[in-house]
Number of protein chains: 2
Amino acid sequence: MKRILFTLIAGATCIGMLTCCKVGDVPEVGTSVASIASPDGTLTASFYLDGNGTPLYTLDKGEGKVILPSRMGFELQGDEKDLRSGFALDGEVVKDTFDETWKPVWGEEESIRNHYNEVCIPLSREDGSRMLIRARLYDDGLGFRYEFPLENSLVYFDIVEEKTEFALGADHTAWWISGDYDTQEYNYTRSRLSEVGAISKGRRIGNASATGFSDFGVQTALQLKTDDGLYINIHEAAVVDYPTANLEYNPSTKTLTTHLTPDAEGLKGRMQAPCKTPWRTVMVVGSATDVLSSRLILNLNDPCALEDVSWIHPVKYMGVWWEMITNKSSWSYTDDYPSVQLGVTDYSKSKPHGRHGANNENVRRYIDFAAANGFDGILIEGWNEGWEDWFGKQKDYVFDFVTPYPDFDLPALNKYAHEKGIRLIMHHETSSSTLNYERHMEDAYNLMNKYGYDAVKSGYVGNIIPYGEHHYSQPIINHYLYAVKSAAEHHIMVNAHEAVRPTGLCRTYPNLIGNESALGTEYRSNIEPGHTCILPFTRLQGGPMDYTPGIFEMDMSKLNPSESGHMRMTLANQLGLYVTFYSPLQMAADLPEHYASHMDAFQFIKDVAVDWDRSLYIEAEVGQYIVTARHPKLSTLNSSQAGVATLADGKKDALSGAARFVYALPANATAKDLVTAKARDTWYVGGVAGEEGKTVNVKLDFLTPGVKYEGTLYTDGPDADYRTNPTDYRIEKGVYDSTCTVEVRMAPSGGFAMSLREIF
Amino acid sequence: MKRILFTLIAGATCIGMLTCCKVGDVPEVGTSVASIASPDGTLTASFYLDGNGTPLYTLDKGEGKVILPSRMGFELQGDEKDLRSGFALDGEVVKDTFDETWKPVWGEEESIRNHYNEVCIPLSREDGSRMLIRARLYDDGLGFRYEFPLENSLVYFDIVEEKTEFALGADHTAWWISGDYDTQEYNYTRSRLSEVGAISKGRRIGNASATGFSDFGVQTALQLKTDDGLYINIHEAAVVDYPTANLEYNPSTKTLTTHLTPDAEGLKGRMQAPCKTPWRTVMVVGSATDVLSSRLILNLNDPCALEDVSWIHPVKYMGVWWEMITNKSSWSYTDDYPSVQLGVTDYSKSKPHGRHGANNENVRRYIDFAAANGFDGILIEGWNEGWEDWFGKQKDYVFDFVTPYPDFDLPALNKYAHEKGIRLIMHHETSSSTLNYERHMEDAYNLMNKYGYDAVKSGYVGNIIPYGEHHYSQPIINHYLYAVKSAAEHHIMVNAHEAVRPTGLCRTYPNLIGNESALGTEYRSNIEPGHTCILPFTRLQGGPMDYTPGIFEMDMSKLNPSESGHMRMTLANQLGLYVTFYSPLQMAADLPEHYASHMDAFQFIKDVAVDWDRSLYIEAEVGQYIVTARHPKLSTLNSSQAGVATLADGKKDALSGAARFVYALPANATAKDLVTAKARDTWYVGGVAGEEGKTVNVKLDFLTPGVKYEGTLYTDGPDADYRTNPTDYRIEKGVYDSTCTVEVRMAPSGGFAMSLREIF
């Protein structure tokens, strides 16, 4: 870590010292206050105060204007301390350079460089309000936030709206979902921003809880592309104790303005100095692959706050879940009651309807299959009392998170699983009653500790209780983090579904190993082709997604005769996702029997790693295709050695969890075993394509020169098409080295996957 | 317990069987459905369905009409299932008689008779909505509620408004406070109901959180008096999982209509069948003393839900509190910070402002005084971090309830207190952030258990968090009970201030030993003369109040030179309150040094019991005067034996807590000691008067005939007047028997107290 501090005297005289300052270019914005360049000099961010004392900023890439003069500030509640104008510079503008390389607990690479130039601009108003603007400029983008020091006439204040603007100056192409206070579970639209207003309503498909606010509202991360081929990505980082931001587009000014999520009283941030907002981020890069390799959001988050992370590990899992999503089986246990009351309803006396998925026999079937195929965990949903009336009732005391149904023998199933090296993954559906969840959280986590669960999938389906709050309002943002921090105290990893889309907090709290918070596989035939070619540019910018790939049976009627839809992608596409979608938590979502019918293709899912020390974004275009190559953290091992460690209760691992996992070593593996395993180099390559398909030529120049690799290539077959023949795939083995180029045709909504293992 | 069940066949034919039915009297209400008489036959309640299928009821006392035909029902949200009309009788009208005597854990008498006639009327609508009206008619009043069975087309439904009416038919005199969603801390007004609208606004004094809804809104318990001298009291019983009701008066129809407290989304009851509403109650009796002796509200609550109540005991206590209320000292510790952050602000490095009341030395001073004078407990407020900015900020994480200030040595002070037979009483000010309180509740209760606290005063000052909720909305009603039930699991007694005014739940959960929930002593000079002559008719109908009497120094400037006000009552009035106000939790609220100046008068506070086996309401008129005599539970003992049991940690009591307490026996007392103590009969008599004062002639005919009693009479002195000489009092000793009558003059806002002890 290298830190260089500049301190400049406030005022006009200092501006002349800034070689990057281009005051002459922006006469309309008033006085220049400060300007910084990115470390490589390609980006310039400048800050101004106009004649009304309103702060503004601009962002340029070389000679190109990325963000035109854009206002900054806040409208406050209930007094005259309006933070939109009246500001003057108050003290020294402080500049800084920061350059550090840090190692994530899990991630797409072993280490991440965090290199930026920073400026901090102290502002005040005559009424004594003090506000600092802190900006960090990276080679790939800008982050800035507002800070409120304790010495302030503003100590407690309520935000009516944050007024941060992003003046784009042109009608860029955008990949967007409608603005919402409660859900991101929408398909994306590609259009000009000016077209959002006309299209938005029709793109809002049914959701258990959805609250739009404007036809011109869009969510972040928002991926834009200029007609000059620049890729601009607007998002936010480190949303803590603050509501989630949407954006609202004004076609006449070509400006996006921040629109925060209101709480139950309509306010958008209850602030107590000292405090700071999340970072507003503008990534600007020259190619789609540069968006995928950017670590802007993670870098703007605080370092890991957990002292001990030894218990955090990547997870490859299966689940008693897809059969419920497809209505082949049910979360609930009985049809006896129109409503149930926990602690009153006696399930032992009710008549089972016979479709309950989380029964002992079925769970053991999944455990057996998962154990035989090298998985780490089994998620089981619908294990606990209350599923008969959990949905859509805004029922407060909906689950207690500790009481299993009569046919789910929790201690025995955990014991059975642990003996086979499988950990059960807990499921806490909150039905969005965060009040009720918090009341039972400690007992729920204690139950997990008692029986050896170390990961939980939590769910937030439906409207939030406390009444009037939203999934993205400040109190609920605080709830999600409360749940993650409380889980960390219990050494529990969290995978929260229907919560807020992430903003990089997994850097600070790496036990947040996953989120859904986007349209995932559960939407089945509603997922549009190309969707997975957009998510890595948008949703995944904030952190990994539990997308739950791996569907082999695309015809939903095979699972449930009353459902006629088909998944709109090929089987090879599903394999490719394990590489193109980064997540330390990867599911093989389909049923064991569907994998059993395609064990040759399933081999890739068995083999593929979920934690990486290098990731290469080979070729990509938003919504059209993505090709990625990844190298398992350290190295990887012979697929014949695949299989997870035995995590029998109380057994001390010979190696730390992470190392053992990556090399798929058994629990009794020694350091010597690790050395042997590391000796065999391995790469995984994956590709996914959108509606049009794509043929790519993948150069294998990332392989170690002079080394031969055995490659297994899983591709769409010649007849593959998501509409007509989604399961036509081919598997081809060959010997490859770094001089090879592999031509692969990806079918419409198709894909491919490839494993490459060093030949000894 | 005696239970007689009648089952009547539904329909008109059965009506003729009811001898009490007076269909002919009420032709305007449509078809009579059922009618019941009270056990002594004086009251009659009748139920009807009008031509629109709207249920109505009436209540008569003899030939007098108490409640004219009044509509019942609900307006629901979002569908056509409007529960205001369209009903028909659906099944059998079931009648029942119930007669049981039950023993409260603590109370005004040893046993309470619960004797009523009941009718249950099953109604349904064509859309399949089913609703039962269950009514219980006592000799002193009516209770009825709505029940929704599980077999219903209404399973989940939301109430827009409950439409229960109380058609009074005349413009009664009322003692009322303004309707509000958040506070009952108002002085009462006596006026005709028709005058409420013109007066109400001016009677709403400043409150930390207050939300009126109508100039004609009034709160319950609402005490009415007819021009014929009937006393009508309208309230509710057993408010569980339902919002608190206010009433709104319509002067043109002379009808009160139910007005429930809305939640953050404006709804007034999220219902899940099977469920029931609270009881709507109409007490109607012939005298003011009959109001005071009524147990209507307690009887309508469920029996005790706690299996083990041995740990619940009455408490006489002092507190480090009045000095803070009067600004003689402070809850807070430092002036260093405009805002504090728990876990971040380092109090050990801050500069104490020197006014912190809860410091070790001061607390020990209170412990010493309380121990020397036979008290059980010491409440200490301001002991924990966070008081610098707790008020009026709607700050969520305002207290953690476990971290003491640097100058409060929690373990050492508890040890010191326990060695002297004193228990410290915990204080949990929530600042109305119920969210934050629930997050920390388990740890907070565990801390109490660890150090031997067995009672907590909780506070709910300010606006509620979750945002948009009210002190009386359904989610917060649920919070209060959650806190009480959780406390019971920890064997902790609760005294909740600024929570909802009670509705008899202390019968079911007797660890709810107190509430404030009315204008209490803390309002000092704002309390109007006569206030304490009203509260027993209104606020105390639902359960005991921690009014905190016992102020001896009425001149507030003696405590804090910047405060000019005087308490508007006499010292003798303060003594009388210990008898006229029933509470198992009684405070001596003034400072030790003020008691030290009047040890002769203080003797009564030392002597008086706080738990009773008989209570006699000798003479009373609402707002004017109350004279009450009470007999300690079982009997009582020589005042020279006064002193509390030693509750040293871990020491096993020789007698159960309650028995030992009542007789003020030390911890090592034996059953034989108890027999001795019981042998000496004792009575306490108390009186309080309003603005006009009152002279009463108290017949001591309740004393055991033929037994001589030593009496000590504490009265207002000849010059006593709350305006000019509040501390003029006289103490007179004499010998009395059951043939004596004692004439006592109570000064304006004065009172008296008397102890009577059998002479051996």
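Quantities reported herein were computed from a predicted structural model and do not represent experimental measurements.

Turning to the interface of chain A and chain B, a few remarks are in order. Contacts between the two partners involve 29 residues from chain A, matched on the other side by 29 residues from chain B. The three residues of chain A that bury the most area against chain B are Tyr156, Arg439 and Tyr467 of chain A, which together make up 28% of that side's buried surface. Counting across the interface, chain A meets chain B through two salt bridges. A salt bridge links Arg439 of chain B to Glu438 of chain A; the nearest nitrogen and oxygen atoms lie 2.6 Å apart. Counting across the interface, chain A meets chain B through 16 residue pairs in polar contact (both at pLDDT 80 or more). Those elements giving two or more residues to the side of chain A that touches chain B turn out to be strand S21 (270–272), helix H8 (434–451) and helix H9 (474–489) of chain A. Residues belonging to the side of chain A that touches chain B are distributed by class as follows: 13 nonpolar, seven polar and nine charged.

Further remarks concern the side chain of Asn560 of chain B. Residue and element names in this part refer to chain B. Checked against the element boundaries, Asn560 lands in the loop between strand S29 (512–515) and helix H10 (571–580). Looking at Asn560, its side chain comes within polar contact range of the main-chain oxygen of Thr326, at 3.1 Å. Every residue in contact with Asn560, bar those within four places of it in the chain, is listed here: Thr326, Asn327 and Lys328.

Right, let's talk about the sheet that holds strand S28 (residues 493–497) of chain B for a bit. Residues and elements named next belong to chain B. If you trace the seven strands from one edge of the open sheet to the other, you get S29-S28-S27-S26-S25-S24-S30, paired in parallel fashion. Strands at the two margins of the open sheet, each flanked by one partner only, are S29 and strand S30 (585–587). Ignoring which end each strand starts from, the neighbouring axes of this sheet average 25° apart. With four bridges connecting them, strand S24 (residues 315–320) and strand S25 (residues 377–380) associate as parallel partners. Paired with Tyr317 across the bridge in S25 is Gly377.

Applying the stated criterion to the full structure yields 87 salt bridges over all chains. Residue Lys395 of chain A is joined to Asp389 of chain A by a salt bridge in which the shortest nitrogen-to-oxygen separation is 2.9 Å. Grouping residues by exposure puts Lys395 of chain A and Asp389 of chain A together as buried. For the salt bridge of Glu118 of chain B with Arg136 of chain B, the shortest nitrogen-to-oxygen distance reads 2.6 Å.

Time to look at the confidence of the model for chain A. Residue and element names in this part refer to chain A. Across chain A, the average pLDDT comes to 91, with 90% of residues at 70 or higher. Between residues 635–662, whose pLDDT stays under 50, and residues either more than four places distant or in other chains, the model counts 76 contacts. Listed scores for the predicted complex are pTM 0.92 and ipTM 0.90.

Right, let's talk about the relation of the copies chain A and chain B for a bit. Once turned by 180° and shifted 0.0 Å along the axis, chain A lies on chain B with an RMSD of 0.0 Å. The two molecules are tied by a two-fold rotation axis, judged by turn and shift. In this assembly, 100% of the residues forming the interface of chain A have copies in chain B that are likewise at the interface, indicating an isologous arrangement.

Bringing the side chain of Ser615 of chain B into the picture now. Residue and element names in this part refer to chain B. Residue placement: Ser615 occurs in strand S31 (residues 612–621). A distance of 2.6 Å separates a polar atom in the side chain of Ser615 from the backbone oxygen of Glu108. Side-chain polar atoms of Ser615 contact the side chain of Arg630, separated by 2.8 Å. Filtering out sequence-adjacent residues up to four positions away, Ser615 remains in contact with Glu108, Ala629 and Arg630.

Of all 10 residues making up H10 of chain B, 10 are buried, and the element is well covered by its neighbours. Within the sequence span of H10 of chain B, burial applies to Leu571, Ala572, Asn573, Gln574, Leu575, Gly576, Leu577, Tyr578, Val579 and Thr580 of chain B.

Residues and elements named next belong to chain B. Along the chain, Tyr595 turns up in helix H11 (residues 592–596). Between the C-alpha atom of Tyr595 and that of Ile605, which follows or precedes it by 10 residues, the distance is 9.9 Å. A polar side-chain atom of Tyr595 sits 2.9 Å from the main-chain amide nitrogen of Asp590.

Core analysis: the biggest nonpolar cluster contains 196 residues, and Leu59, Phe148 and Ile378 of chain B have the highest contact counts within it. If you tally residues by element for this core, the top one is helix H9 (residues 474–489) of chain B, at eight residues. Discounting residues that sit within four places of it in the chain, Leu59 of chain B has contacts with Leu43, Thr44, Ala45, Gly64, Lys65, Val66, Ile67, Leu137, Leu142, Val282 and Val284 of chain B. If you look at the next biggest cluster of nonpolar residues, it comprises 193 residues, including Phe87, Ile133, Met271 and Tyr366 of chain A.

Residue and element names in this part refer to chain A. For Arg680, the location among the structural elements is in the loop between helix H14 (671–678) and strand S33 (682–689). Exposure remark for Arg680: the relative accessible area of 18% places this residue in the buried category. Distance in space between the C-alpha atoms of Arg680 and Pro475 is 49 Å, their sequence separation being 205 residues.

A word on the packing of aromatic side chains. The final tally for this structure, using the stated rule, is 65 aromatic pairs over all chains. Measuring from ring centre to ring centre gives 4.6 Å for Trp683 of chain A and Phe702 of chain A, while their planes differ by 45°; the resulting arrangement is tilted. Here the residue Trp683 of chain A occupies a position in strand S33, and Phe702 of chain A occupies one in the loop between strand S34 (694–699) and strand S35 (709–716), the gap between them amounting to 19 residues. Trp683 of chain A sits in the buried class, given a relative accessible area of 2%. In this structure an aromatic cluster arises from ring pairing among Phe47, Tyr57, Phe74, Phe144, Tyr146, Phe148, Phe157 and Phe166 of chain A. Here the guanidinium or amino end of Arg270 of chain A rests over the ring plane of Tyr467 of chain B, the centre of that ring lying 3.4 Å away. The cationic tip of Arg439 of chain B hangs over the ring face of Tyr482 of chain A; the distance from NZ or CZ to the ring centre is 3.9 Å.

For the rest of this paragraph, the subject is the sheet that holds strand S12 (residues 156–162) of chain B. Residue and element names in this part refer to chain B. The antiparallel open sheet is built from three strands, whose spatial order is S6-S12-S21. The open sheet has two edge strands with one neighbour each: strand S6 (74–76) and strand S21 (270–272). Along the sheet, successive strands turn relative to each other by an average axial angle of 50°, direction set aside. The pairing of S12 with S21 spans three bridges and is antiparallel.

This brings us to the packing of helix H6 (residues 360–372) of chain A against helix H7 (residues 410–419) of chain A. The relative placement of two packed helices comes down to the angle between their axes together with the axis-to-axis distance. Residues and elements named next belong to chain A. Two elements in contact, H6 and H7, have axes whose closest approach is 10 Å; the angle formed by their N-to-C orientations is 15°. Here H6 is positioned roughly parallel relative to H7, judged by the angle of their axes. Taken as a pair, H6 and H7 cross one another with a handedness that is right-handed. Judged by residue contacts, Asn360, Val363, Arg364, Ile367 and Asp368 of H6 engage Leu413, Tyr416 and Ala417 from H7. The class makeup of the residues in the contact of H6 with H7 is five nonpolar, one polar and two charged.

Conventions we followed
Residues numbered from 1 in each chain as written. Chains lettered and ligands numbered in written order. Predicted model: local features only at pLDDT ≥ 70, side-chain atom pairs only at ≥ 80, totals over all residues. Heavy atoms only, no water. Contact = heavy atoms within 4.5 Å. Buried area = accessible area lost by both parts, 1.4 Å probe. Salt bridge = Lys/Arg side-chain N within 4 Å of Asp/Glu carboxyl O. Polar contact = N/O pair within 3.5 Å; in protein donor to acceptor, adjacent residues only side chain to side chain. Helix = DSSP H or I, 4+ residues; strand = E, 2+ residues; numbered from the N terminus. Nonpolar A, V, L, I, M, F, W, Y, C, P; charged D, E, K, R; others polar. Pairing = 2+ DSSP bridges. Axes fitted to C-alpha atoms, helices over the stretch in contact; angles between N-to-C directions. Buried < 20%, exposed > 50% of the residue type's maximum accessible area, 1.4 Å probe, protein only. pLDDT = per-residue confidence, 0-100. Least-squares fit on C-alpha atoms with pLDDT ≥ 70 in both. Core = buried A, V, L, I, M, F, W, Y, C linked by side-chain atoms within 4.5 Å. Phe/Tyr/Trp six-rings, centres within 6.5 Å; stacked < 30°, edge-to-face > 60°. Lys NZ or Arg CZ within 6 Å of the ring centre and 35° of its normal. Parallel < 35°, antiparallel > 145°, perpendicular 65-115°, else oblique. Left-handed = near helix turned anticlockwise from the far one by under 90°.

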